[in-house]
Amino acid sequence: MKNYRFLIQYDGTRYYGWQRQPEQNTIQGKLESVLSLMCGRETEVIGAGRTDGGVHAEGMTANAHLETERTPEEIRDYMNQYLPDDIAVLEVREASARFHARYNAIGKTYRYTCHDGDVKPVFDRKYYTRLEERPDVELMRQAAEALKGEHDFRNFCVNPRMKKSTVRRVDKIEIERDGGYIRFIVHGTGFLQNMVRIMVGTLLEAGCGRMAPEQIRAALENPERQKAGPTAPPQGLCLVSVDYD
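Below or above, wherever it landed, is the structure these notes cover. (Residues numbered from 1 in each chain as written. Predicted model: local features only at pLDDT ≥ 70, side-chain atom pairs only at ≥ 80, totals over all residues. Heavy atoms only, no water.)

**Concerning the pattern of salt bridges**
Right, on to step 1. Counted by the stated rule, this structure contains 19 salt bridges.
Right, on to step 2. The salt bridge partner of Arg93 is Glu91, with a shortest N-O separation of 3.3 Å.
Right, on to step 3. In this structure Arg93 comes out as partly exposed when scored by relative accessible area, which is 39%.
Right, on to step 4. The exposure class of Glu91 is partly exposed, given its relative accessible area of 37%.
Right, on to step 5. A single network of salt bridges, built from pairs that share partners, joins Asp116, Asp118, Arg134 and Arg177. (Salt bridge = Lys/Arg side-chain N within 4 Å of Asp/Glu carboxyl O. Buried < 20%, exposed > 50% of the residue type's maximum accessible area, 1.4 Å probe, protein only.)

Laid out in structure tokens, this is it:
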């Protein structure tokens, strides 16, 4: 069997996230179903991460070991023929036998989109979070400095029983305004469950004057989860790309 690397994009609106779950509609489950049909045997697809329900991806990387005579282009075309319209395989190529989409990843970029304009956009309504208040972007940029660098982000994780290390490095947080849109671009070595959404929720609190940078620093040091801000809704979040050596 050969190891194949996939570049995938999907609209996560109607899915319960990436990870396969019994009796639930998931991205991993759809991909494995199609590849299992193509290969005539059960096939596991390994993703670079596990996006939550309702979260989207422009550039998810995955890999799978397949026994097939099809070329990478034929595998791509087969998958796109049988996958639903909200999942697309952009590229398939052979990878080294040891390539692992999750363990070999060295960084990820996420984008979170909000809208606070006077008129709500209709046609991209599934891909942004509507804000009832207009946050101060400069205040959020100042607050974001507290989150940059290497920290223990245990208070920015939705899983209170996390046993593995919760130390992560965030090396970029850019906050851009484009008319009524506000976009957060976040890059780091890796992210905990809901971490980006909690970071965005915290920064929005800062932008609305309800949290100071000092409180955000305290949230990085305090063991109580409620010290961080709220978790932003899933629809505004998109995995943009995954980095590899």
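**Thoughts on helix H2 (residues 72-82)**
In an α-helix, one turn spans 3.6 residues, which is why side chains three or four residues apart end up on the same side.
Right, on to step 1. Turning to H2, its buried residues number three or more, namely Pro72, Ile75, Tyr78 and Met79. Along the axis of H2, the buried residues cluster in a sector spanning 125 degrees; they form a single face.
Right, on to step 2. Taken together, the buried residues of H2 touch strand S1 (2-10), helix H1 (27-39), strand S3 (56-66) and strand S4 (87-95). (Helix = DSSP H or I, 4+ residues; strand = E, 2+ residues; numbered from the N terminus. Arc of directions from axis to C-beta. Contact = heavy atoms within 4.5 Å.)

**A word on the packing of helix H3 (residues 137-144) against helix H4 (residues 195-207)**
Right, on to step 1. The N-to-C vectors of H3 and H4 enclose an angle of 130 degrees; their axes lie 8 Å apart at closest approach. Judged by the angle between their axes, H3 and H4 are oblique. Here H3 runs over H4; the crossing is right-handed. Residue-level contacts link Leu139, Met140, Ala143 and Ala144 of H3 to Leu203, Leu204, Ala206 and Gly207 of H4.
Right, on to step 2. Considering only residue class, the contact of H3 with H4 consists of 7 nonpolar, 1 polar and no charged. (Axes fitted to C-alpha atoms, helices over the stretch in contact; angles between N-to-C directions. Parallel < 35°, antiparallel > 145°, perpendicular 65-115°, else oblique. Left-handed = near helix turned anticlockwise from the far one by under 90°. Nonpolar A, V, L, I, M, F, W, Y, C, P; charged D, E, K, R; others polar.)

**Thoughts on the packing of aromatic side chains**
Right, on to step 1. Evaluation of the coordinates by the stated rule reveals 6 aromatic pairs.
Right, on to step 2. Between Tyr78 and Tyr82 the ring centres are 4.7 Å apart and the planes differ by 45 degrees, which places this aromatic pair in the tilted class. With a gap of 4 residues between them, Tyr78 and Tyr82 both fall in helix H2, about one helical turn apart.
Right, on to step 3. Taking the relative accessible area as the measure of exposure, Tyr82 reaches 45% and is therefore partly exposed.
Right, on to step 4. A ring pair is formed by Tyr128 and Tyr181, whose centres lie 6.3 Å apart and whose planes are at 90 degrees; its orientation type is edge-to-face. On the criterion of sequence distance, the pair formed by Tyr128 in the loop between strand S5 (107-115) and strand S6 (129-130) and Tyr181 in strand S9 (residues 181-188) is long-range, its members being 53 residues apart.
Right, on to step 5. Relative accessible area serves as the criterion here: at 6%, Tyr128 is assigned to the buried category.
Right, on to step 6. On the basis of relative accessible area, Tyr181 is assigned to the buried category, the value being 16%. (Phe/Tyr/Trp six-rings, centres within 6.5 Å; stacked < 30°, edge-to-face > 60°.)

**Some thoughts on the nonpolar core**
Right, on to step 1. Formed by 69 residues in total, the largest nonpolar core has its most connected members in Phe6, Phe156 and Phe184.
Right, on to step 2. Sequence-distant contacts of Phe156, defined by excluding residues within four places in its chain, comprise Leu147, Gln193, Asn194, Met195, Ile198, Met199, Thr202, Ala219, Leu220 and Ala228. (Core = buried A, V, L, I, M, F, W, Y, C linked by side-chain atoms within 4.5 Å.)

**Quick word on H3**
Right, on to step 1. Buried within H3 are the following residues: Val137, Met140, Ala143 and Ala144. Seen from one end, H3 has its buried residues packed into an arc of 120 degrees, which puts them on one side.
Right, on to step 2. In this structure, the buried side of H3 is in contact with strand S8 (167-178), S9, H4 and helix H5 (213-221).
Right, on to step 3. Its side-chain oxygen 2.9 Å from the backbone nitrogen of Glu138, Asp136 forms the N-cap of H3. (Polar contact = N/O pair within 3.5 Å; in protein donor to acceptor, adjacent residues only side chain to side chain.)

**Let's talk about unusual backbone geometry**
Right, on to step 1. With phi around 65 degrees, Glu23 is a residue other than glycine that occupies positive phi space.
Right, on to step 2. The residue Glu23 is located in the loop between S1 and H1 in this model.
Right, on to step 3. Given the relative accessible area of 81%, Glu23 is considered exposed.
Right, on to step 4. Positive phi outside glycine occurs at Asn194, with the angle close to 70 degrees.
Right, on to step 5. Within the element layout of this structure, Asn194 appears in the loop between S9 and H4.
Right, on to step 6. Judged by relative accessible area, Asn194 falls into the buried class, the value being 11%.

**So, the side chain of Lys108**
Right, on to step 1. Inspection of the secondary structure puts Lys108 in strand S5.
Right, on to step 2. Buried charged residue Lys108 carries no salt bridge. Nearest counter-charge: Asp243, at 10 Å.
Right, on to step 3. Polar side-chain contacts of Lys108 include one of 2.9 Å to the backbone oxygen of Ala48.
Right, on to step 4. In this view, Lys108 contacts Ala48, Gly49, Val186, His187, Gly188, Phe191, Leu239, Ser241, Val242 and Asp243; residues no more than four positions away in its chain are not counted. (Lys, Arg positive; Asp, Glu negative; His and termini not counted.)

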